[in-house]
Amino acid sequence: STAQIGVTGLAVMGRNLARNLARNGFTVAVHNRSPERTRSLVAEHGDEGRFVPGESMADFVASLERPRAVIVMVKAGAPTDAVIDELVPLLDPGDIVVDCGNAHFADTRRREEALREHGLHFVGTGVSGGEEGALHGPSIMPGGSAESYRKLGPIFEKIAAQVDGVPCCRHIGPDGAGHFVKMVHNGIEYADMQLIAEAYDLLRAGLGAEPAEIAEIFRTWNGGELESFLIEITADVLAHTDAATGRPFVDLVQDRAEQKGTGRWTVQSALDLGIPITGIAEATFARSLSGHVDQREAARRAFADAGTKWQVDDRDAFVEDVRRALLASKIVAYAQGFDHIRAGSQEYDWNIDLGGTATIWRGGCIIRARFLDRIRQAYDEQPDLPTLLVAPWFADTVGAGVPSWRRVVADAARAGVPIPAFASSLSYFDALRAERLPAALIQGLRDNFGAHTYQRVDREGTFHTLWAGDRTEVEA
Ligand code: 6PG
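Predicted model, so just to flag it, every value in this text is computed and none were measured.

(A) Up close: the overall build of the protein. Each helix and strand counted, the protein has 19 helices and 11 strands in total. Over its C-alpha trace the protein gives a radius of gyration of 25 Å, about what one expects of a compact globule, namely 23 Å for 476 residues. Across its three principal directions, the C-alpha atoms of the protein cover 80 × 70 × 45 Å. Here the protein, with 476 residues, has 50% of them falling under the buried criterion. Pairs at least 24 residues apart make up 66% of the contacts formed inside the protein by residues separated by at least 6 positions. With the model as given, the accessible surface of the protein reaches about 22,300 Å², and the carbon-plus-sulfur share is 51%.

Listed below in structure tokens is the structure:
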């Protein structure tokens, strides 16, 4: 037993994680259900470090030093349970099972509880950064016990991306905390991408610009406050020309966005916790809408002329308006995502450090961005910040962007360009800062039809008006 850590499940993510571990000097036990993959990994990459191949699960487990640490990198859901069931009888108390797949945090909580009964640690771990990240340095979000992190921390912190000498990995909190935070990361990823897509659509409609020209705009934006991996690859994708036709690649891709479910999970959880993550919800629904081709076709025929012509006079001013609207909407999406993490942390007693979470998203992950350092700073300075929107830099940036934001949303509405995430982010902002909300009327209606009661602004207590009677007010 010589391996410090093991990886079972050697599809591309598992393979790359194993290689990353080996390249960083760890001795890695490797295993796959069909041993072909194990052999090919060692044959192709054996020179990158020390691999200990295991043909069977028993061989694999036997090759690990104790306490054993086993990374499971298989498809979320039933395949994960199947591997855990196979592993558990082979392990001893104190051993650690690490699930690096995109599991739902509720499944992780269930598995953690079940394995705890066997004296085992189960560590649901979010890993972001795709194939490249897994190999060169992902962002790693481990949940599970503090004790398990004492073994895993030094290993994971070494293979994670590093920003300013700080690893993009930290212990998030017990049981499902890691997978919860990864889920919200993906939700924010959905919102970020939807906002980018809307900005592209606005530029295209407003300027009548070609994708290659818009790619240049994104490239310029990437030199400023919007600097991020997603903005960078947007420039790349928009500049790409299809080899077969010579046309812009983006014009040849079917306009139906798919999803594997993490965005939907985020929205479902936020509904349960009562946290308005409107940006993520709009982004998730926008993907669903794009897939309803029959409805789109019918509506397109019925309302062909419902928009108006859009002619932007001042190109540079318009581009700057869209940039500011994008930045403000993005801030709203992140503010909502961090609210969601705080609520999950309270609900499940996870004690998640919000600044720490922002810290490990600065590199390695899909939403890595310059601006995450500002989020880290904001929560480090004021851990009980009511909303990210009011932290100094964010308040200044959003405040300065408001006129642009309003112009862009109003112009798009007039022209008939759909901008669900831009528009709902602006509405969220306006709702939060409103002196009075029409929620008062909703309370009145609820009391009128269902005696659901209300509170008054001028007196303590809970009240009901006798709507069907003489309309006197009674204390409920
Ligand atoms: C990451 C990504 C990744 C996610 C894909 C696909 O952090 O590396 O979030 O985990 O699975 O982005 O997600 P959808 O298929 O749902 O778009």
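(B) Structural view of the UniProt feature "domain: 6-phosphogluconate dehydrogenase C-terminal" (unreviewed entry) in the protein. As annotated in UniProt, the feature "domain: 6-phosphogluconate dehydrogenase C-terminal" (unreviewed entry) corresponds to residues 178-468 in the numbering used here. The span residues 178-468 shows a helical share of 65% and a strand share of 1%, and its end C-alpha atoms are spaced 53 Å apart.

(C) A look at the site of the ligand. Close contacts around the ligand come from 14 residues, with Ser128, Lys182, Asn186, Glu189 and Tyr190 the closest. At a separation of 2.6 Å, an oxygen atom of the ligand approaches a polar side-chain atom of Glu189. At 2.5 Å, a side-chain N or O of Tyr190 approaches an oxygen atom of the ligand. Protein chains shield 80% of the accessible area of the ligand, which is 420 Å² for the free molecule. Its residues placed into classes, the shell around the ligand shows 2 nonpolar, 8 polar and 4 charged.

(D) Geometry of the packing of aromatic side chains. Summed over all chains, the structure comprises 16 aromatic pairs. Aromatic pair Phe218 and Trp221: ring centres 5.0 Å apart, planes at 65°, arrangement edge-to-face. Here Trp221 and Phe218 lie together in helix α9 (residues 211-221), a separation of 3 residues that amounts to about one turn. Side by side, Phe218 and Trp221 carry an identical accessibility label, which is buried. Between Phe371 and Phe394, the aromatic rings sit 5.8 Å apart at their centres with planes inclined by 75°, giving edge-to-face as the arrangement. Of this pair, Phe371 sits in the loop between α15 (354-360) and α16 (372-381) while Phe394 is found in helix α17 (residues 392-415), placing the two residues 23 residues apart along the sequence. In this structure an aromatic cluster arises from ring pairing among Phe105, Phe180, Tyr348 and Trp350. Its end group placed over the ring of Tyr190, Arg287 keeps NZ or CZ at 3.5 Å from the ring centre. Between the NZ or CZ atom of Lys330 and the centre of the ring of Phe371, over which it lies, the distance is 5.1 Å.

(E) Fine view of the UniProt feature "active site" (unreviewed entry) in the protein. UniProt records the feature "active site" (unreviewed entry) at Lys182 and Glu189, using the numbering of this structure. As for its position among the elements, Lys182 is in helix α8 (residues 177-207). Accessibility expressed as a relative area gives 5% for Lys182, which makes it buried. Within the local environment of Lys182, its side chain forms a polar contact with the side chain of Asn102, the two groups lying 2.9 Å apart. Along the polypeptide, Glu189 turns up in helix α8. Excluding residues within four positions of it along the chain, Glu189 makes contact with Leu230, Ile366 and Ile367.

(F) Spatial organisation of the pairing of strand β1 (residues 5-8). Neither face of β1 is open: one carries Ile5 and Val7, the other Gly6 and Thr8, and all of them are buried. Bridge analysis of β1 against strand β2 (residues 28-31) gives 4 bridges, and the strand direction is parallel. Each residue of the ladder has a partner; that of Thr8, found in β2, is His31.

(G) A look at the nonpolar core. Among the nonpolar cores identified, the biggest contains 89 residues, and Leu202, Phe218, Trp221, Trp361, Ile375, Trp405 and Phe422 are the most heavily contacted of them. Take this core: its biggest share by element is 15 residues, from helix α14 (residues 315-348). Sequence-distant contacts of Ile375, that is, excluding residues within four places in its chain, are made with Tyr334, Phe338, Ala358, Leu388 and Phe394. One finds Ile5, Leu21, Val123 and Cys169 within the second-largest nonpolar core, a separate group that totals 29 residues.

(H) Layout of the side chain of Lys182. For the buried Lys182, no salt bridge is present, and the opposite-charge side chain at shortest range is Glu189, 5.8 Å distant. Each residue touching Lys182, except ones within four places of it in the same chain, is listed here: Asn102, Gly126, Val127, Ser128 and Met141.

Definitions and limits used
Residues numbered from 1 in each chain as written. Predicted model: local features only at pLDDT ≥ 70, side-chain atom pairs only at ≥ 80, totals over all residues. Heavy atoms only, no water. Helix = DSSP H or I, 4+ residues; strand = E, 2+ residues; numbered from the N terminus. Rg over C-alpha atoms; globule rule 2.2 N^0.38 Å. Buried < 20%, exposed > 50% of the residue type's maximum accessible area, 1.4 Å probe, protein only. Contact = heavy atoms within 4.5 Å. Areas by Shrake-Rupley, 256 points an atom, 1.4 Å probe, with all protein chains shown as cover. UniProt positions renumbered as here; feature names shortened; annotations may be inferred. Near = heavy atom within 4 Å. Polar contact = N/O pair within 3.5 Å; in protein donor to acceptor, adjacent residues only side chain to side chain. Nonpolar A, V, L, I, M, F, W, Y, C, P; charged D, E, K, R; others polar. Phe/Tyr/Trp six-rings, centres within 6.5 Å; stacked < 30°, edge-to-face > 60°. Lys NZ or Arg CZ within 6 Å of the ring centre and 35° of its normal. Pairing = 2+ DSSP bridges. Core = buried A, V, L, I, M, F, W, Y, C linked by side-chain atoms within 4.5 Å. Lys, Arg positive; Asp, Glu negative; His and termini not counted. Salt bridge = Lys/Arg side-chain N within 4 Å of Asp/Glu carboxyl O.

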